Amino acid sequence: MSTHRTTLVELDQSFFDALVANDHDRLKDLLADDFVLVGVEDGAVAGKDVLLDLVTSGSLRFPKIDSFPDEAIVRVIGDVGIVVGRTGMNFTNPDGSTFSAGSRYTHVYAVAPDGGWRLVSAQGTAIKA
């Protein structure tokens, strides 16, 4: 289990780093083809292609994402890994508005045919103070 925990927490950090860096190639590799994101701000649903387009075009920017890997709850059930964690993030929407939030998130990973993990679903919930 500790190996899975380490791997999944590292993948989470890689996902956050790729968002901040607008790293299309890394995001494309990390995300499953049928990836679904539910946004922390408004609950909007976006697939892989939409997220890749928004991030790599600079329309959606993440200037900073702080994560807290020591707090992550990681579970593995068969070929599925679930990470519940916490972030502090700042982002800029396509319309230019900015948003900052502390959030709890759930990331669901699945083992891909090549044996690696892919992020299949991500959902965030704002933490209200």
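Heads up: these notes are all about the structure in this document. All figures in this text were calculated on a predicted structure; none of them were measured in a lab.

### Quick notes on the overall build of the protein chain
Looking only at helices and strands, the protein chain has three helices and seven strands in total. Seen in sequence order, the protein chain has helices and strands lined up from the N terminus as α-α-β-β-α-β-β-β-β-β. In terms of overall size, the protein chain behaves like a compact globule, its C-alpha atoms giving a radius of gyration of 14 Å where 129 residues would be expected to give roughly 14 Å. Seen through its C-alpha atoms, the protein chain measures out along the principal axes to roughly 40 × 35 × 20 Å. Taken across its 129 residues, the protein chain has 39% of its residues classed as buried. The contacts of the protein chain with a sequence gap of at least 6 include a subset with a gap of at least 24, amounting to 53%. Counting only carbon and sulfur atoms, one obtains 52% of the accessible surface of the protein chain, whose full area is about 6,900 Å².

### Section: helix α1 (residues 2-21)
If you check α1, its first and last C-alpha atoms are 28 Å apart, about what 20 residues at 1.5 Å a residue would give, namely 28 Å. Of the positions making up α1, those classed as buried are L8, V9, L11, D12, S14, F15, F16, A18 and L19. Looking one or two residues past α1, N22 carries a phi angle of roughly 55°, positive in sign.

### A look at the nonpolar core
Counting residues in hydrophobic clusters, the biggest one holds 30 residues, and the most contacted among them are F15 and F62. Among the secondary structure elements, those contributing two or more residues to this core are α1, α2 (24-30), β1 (31-38), α3 (48-57), β3 (61-67), β5 (80-92), β6 (98-111) and β7 (117-126). Looking at this core, the element that brings in the most residues is α1, giving seven residues. Those residues in contact with F62, other than ones at most four positions away along the chain, are L19, V20, V55, M89, N90 and F91.

### Observations concerning α3
Among the residues making up α3, those that are buried are K48, L51, L52 and V55. Summarising the axial view, the buried residues of α3 lie within an arc of 100°, below the 170-degree limit, and thus occupy one face. Exposed and oriented more than 90 degrees from the buried face of α3 are D49 and D53. Turning to α3, the residues buried within the fold contact α1, α2, β1, β2 (45-47) and β3.

### Section: the environment of T6
Here T6 is to be found in helix α1. Taking the C-alpha atoms as reference, T6 lies 30 Å from G58; in sequence the two are 52 residues apart.

Rules and cut-offs
- Residues numbered from 1 in each chain as written.
- Predicted model: local features only at pLDDT ≥ 70, side-chain atom pairs only at ≥ 80, totals over all residues.
- Heavy atoms only, no water.
- Helix = DSSP H or I, 4+ residues; strand = E, 2+ residues; numbered from the N terminus.
- Rg over C-alpha atoms; globule rule 2.2 N^0.38 Å.
- Buried < 20%, exposed > 50% of the residue type's maximum accessible area, 1.4 Å probe, protein only.
- Contact = heavy atoms within 4.5 Å.
- Areas by Shrake-Rupley, 256 points an atom, 1.4 Å probe, with all protein chains shown as cover.
- Expected span 1.5 Å × (residues − 1).
- Core = buried A, V, L, I, M, F, W, Y, C linked by side-chain atoms within 4.5 Å.
- Arc of directions from axis to C-beta.

In short, shape yes, function no, at least from these values alone.
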